[in-house]
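Breakdown of the fold
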Amino acid sequence: MSARQTTRDEALQALMKEILLAMREKLLQPLVQEMNRLARNVSEMQEQQAAFYREIKEQLGRVENRVTEAPLVTLTALRDAIHQAKEG
């Protein structure tokens, strides 16, 4: 291999290295950064969604308790009204 061929190969390797580094800097790093940002956003949204579902579950529990108590309250009021009517 001649000195001229070696110099040319080295120049090509240097050029390829420069191109690959530029691609990494200009294409890959911004892409990775954007993917990381999106991953953080998705994680935050999942946490918010989990908190929302916990709150809904608690509210449904309170509604269920009220619905369960409603017949008891109604029957108690009816019984009291009957007792008052008998007394009056």
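In this report, the structure presented in the accompanying data block is examined. (Residues numbered from 1 in each chain as written. Predicted model: local features only at pLDDT ≥ 70, side-chain atom pairs only at ≥ 80, totals over all residues. Heavy atoms only, no water.)

To continue, consider the overall build of the chain. On a plain count of helices and strands, the chain comes out with one helix and zero strands. Rg of the C-alpha trace for the chain: 37 Å, well past the compact-globule value of 12 Å for 88 residues, more than 25% over. With the C-alpha coordinates of the chain rotated into their principal frame, the extents come out at 125 × 20 × 10 Å. Evaluated residue by residue, the chain yields a buried proportion of 0% over its 88 residues. With an accessible surface of roughly 8,500 Å², the chain has 61% of that area assigned to carbon and sulfur atoms. Of the side chains in the chain, 13 bear a positive and 13 a negative charge, and the two mean positions are spaced by 5 Å. (Helix = DSSP H or I, 4+ residues; strand = E, 2+ residues; numbered from the N terminus. Rg over C-alpha atoms; globule rule 2.2 N^0.38 Å. Buried < 20%, exposed > 50% of the residue type's maximum accessible area, 1.4 Å probe, protein only. Areas by Shrake-Rupley, 256 points an atom, 1.4 Å probe, with all protein chains shown as cover. Lys, Arg positive; Asp, Glu negative; His and termini not counted. Charge placed at Lys NZ, Arg CZ, Asp CG, Glu CD.)

Its location among the elements puts N36 in helix α1 (residues 3-87). Accessibility expressed as a relative area gives 41% for N36, which makes it partly exposed. Distance from N36 to L75, taken between C-alpha atoms, is 59 Å for residues 39 residues apart in sequence.

Right, let's get into the pattern of salt bridges. Enumeration according to the criterion identifies four salt bridges in this entry. Between R62 and E55 there is a salt bridge, and its shortest N-O distance comes to 3.7 Å. Under the relative-accessibility criterion, R62 is labelled partly exposed at 43%. With a relative accessible area of 34%, E55 lands in the partly exposed category. (Salt bridge = Lys/Arg side-chain N within 4 Å of Asp/Glu carboxyl O.)

Take E55: it is sitting in helix α1. Taking the C-alpha atoms as reference points, E55 and S43, separated by twelve residues in sequence, lie 19 Å from one another.

Attention now goes to a nonpolar patch on the surface. Taken together, L15, I19, L20, M23, L27, L28, L31 and M35 make up a surface patch of nonpolar side chains, about 790 Å² in accessible area. Assignment of secondary structure puts M23 in helix α1. The class for M23 is partly exposed, based on a relative accessible area of 41%. (Patch = residues over 30% accessible without salt bridge, like charges linked within 9 Å, V, L, I, M, F, W, Y side chains within 5 Å.)

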